[in-house]
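Each chain, letter by letter, is given below.
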Amino acid sequence: MTSIRTLIVDDEPLARTGVRKHLRAHADVDVIGECGSGVQAIAAIQQDQPDLVFLDIQMPDLGGFGVIEEIGADRMPAVIFVTAFDQFALQAFESRAVDYLLKPIRQERVDQALTRIRGLMRGHESGRADTLRKLLDDLGAEAGYRKRFVAKSGSRITLVNVEDVDWIEAADNYIELHAGPKVHLVRETLSDVEQKLNPDQFLRIRHSTIVNVSRIREMEPLFNGEYQIRLTNGSELTSSRRYRKKLSVLLGD
């Protein structure tokens, strides 16, 4: 019998205990760990690569949808969402045929969800990543602008709020977040990040650089539509001619 390596994610210890209790009836489910926060969940998913995650939607630091966004729908294991009553979310789950458990959790619903997950793992269902992406779209999780970044360094994970970022610089398949005296490395491309940031707050000034416009102190014209941009922390950046039009909007030209 192949074990389903399972991770339980919920900020409430009693809720995690409840899920674990319901899973005892399933000999093929191997609970490999528990997480009390979304940040811990990201680290555990990346490190332990479980087959299945029981994922709480609402957690103080980073909710279930935020975990999926940070891991990426293509890299997420199978998910069974756990939620308190939320009619809007439940309608989205049902329309996308996504497994979910409504608190308080009932044994019958756990059994049903696991039956479907077993079918998924046998290859009877496909398009899991596409389903998660569409679910995020339905719930507006991707329609809103980015609120935070999750930066990982070794075993340490740091949450960086977007408003704390001075500017962002491309570094191959990574980006460097410059936030005050600190620089955080995140595995994302600059183009992908640009699509998720509020364009009224963040402006691309050259191929490799996005700046937080609230950090701009002054701009000095150079040549051919380029500008020397000085930030409130004393840092200096140079825009390229290619992005002159975007700067014109900022300048009110």
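Preceding this paragraph is the structure being described.
Just so it is clear, the model here is predicted, and its values are computed rather than measured.

Thoughts on the overall build of the protein chain
So, step 1. Helix and strand content of the protein chain: eight helices and 15 strands.
So, step 2. Buried residues in the protein chain amount to 46% of all 253 residues.
So, step 3. Considering only contacts within the protein chain whose residues lie at least 6 apart along the sequence, 55% involve residues at least 24 apart.
So, step 4. Element-wise, carbon and sulfur atoms account for 46% of the exposed surface of the protein chain, whose accessible area totals about 13400 Å².

Regarding the packing of helix α2 (residues 38-48) against helix α3 (residues 64-71)
So, step 1. Put simply, α2 and α3 touch, their axes get as near as 9 Å, and they point 40° apart. Taken together, α2 and α3 sit at an angle that is classed as oblique. In this structure, α2 crosses over α3, and the sense of that crossing is right-handed. When α2 is examined against α3, the residues Gly-38, Ala-41, Ile-42, Ile-45 and Gln-46 are found in contact with a partner set consisting of Val-67, Glu-70 and Ile-71.
So, step 2. Residues belonging to the contact of α2 with α3 are distributed by class as follows: five nonpolar, two polar and one charged.

Describing the layout of surface pockets
So, step 1. As a volume, the largest pocket reaches approximately 1300 Å³.
So, step 2. Lining the largest pocket are 48 residues; nearest its centre among them are Ile-68, Glu-69, Glu-70, Ile-71 and Gly-72.

Thoughts on the sheet that holds strand β8 (residues 167-171)
So, step 1. Strand order in the open sheet made by the five strands is β10-β9-β8-β12-β11, with antiparallel pairing throughout. Edge positions in the sheet fall to β10 (182-186) and β11 (202-206), since each of these pairs with one other strand and no more. Averaged over all pairs of adjacent strands, the angle between their axes in this sheet comes to 25°, without regard to strand direction.
So, step 2. In this structure, β11 lies alongside strand β12 (residues 209-212), joined through four bridges in antiparallel fashion. Each bridged residue has a counterpart across the sheet, and for Phe-202 the counterpart in β12 is Asn-212.

Description of the pattern of salt bridges
Opposite charge on two side chains permits them to pair, given that their charged atoms come into close proximity.
So, step 1. Scanning all chains against the criterion turns up 13 salt bridges.
So, step 2. Measuring nitrogen to oxygen at the nearest pair gives 2.7 Å for the salt bridge that ties Arg-20 to Glu-34. Here Arg-20 is found in helix α1 (residues 13-23), whereas its partner Glu-34 is found in strand β2 (residues 29-35), with 14 residues between them in sequence.
So, step 3. The exposure class assigned to Arg-20 is partly exposed, which follows from its relative accessible area of 31%.
So, step 4. Linking Arg-106 and Glu-108 is a salt bridge whose minimum nitrogen-to-oxygen distance equals 3.2 Å.
So, step 5. Glu-108 gets classed as partly exposed once you look at its relative accessible area, which sits at 46%.
So, step 6. Linked through salt bridges whose partners overlap, the residues forming this network are Asp-10, Glu-12, Asp-56 and Lys-103.

What counts and what doesn't
Residues numbered from 1 in each chain as written. Predicted model: local features only at pLDDT ≥ 70, side-chain atom pairs only at ≥ 80, totals over all residues. Heavy atoms only, no water. Helix = DSSP H or I, 4+ residues; strand = E, 2+ residues; numbered from the N terminus. Buried < 20%, exposed > 50% of the residue type's maximum accessible area, 1.4 Å probe, protein only. Contact = heavy atoms within 4.5 Å. Areas by Shrake-Rupley, 256 points an atom, 1.4 Å probe, with all protein chains shown as cover. Axes fitted to C-alpha atoms, helices over the stretch in contact; angles between N-to-C directions. Parallel < 35°, antiparallel > 145°, perpendicular 65-115°, else oblique. Left-handed = near helix turned anticlockwise from the far one by under 90°. Nonpolar A, V, L, I, M, F, W, Y, C, P; charged D, E, K, R; others polar. 1 Å grid on protein atoms, 1.4 Å probe; cavity = no way out; pocket = protein on both sides within 12 Å on 5 of 7 lines; lining within 4 Å. Points joined across faces, edges and corners; volume = space filled by probe spheres on them. Pairing = 2+ DSSP bridges. Salt bridge = Lys/Arg side-chain N within 4 Å of Asp/Glu carboxyl O.

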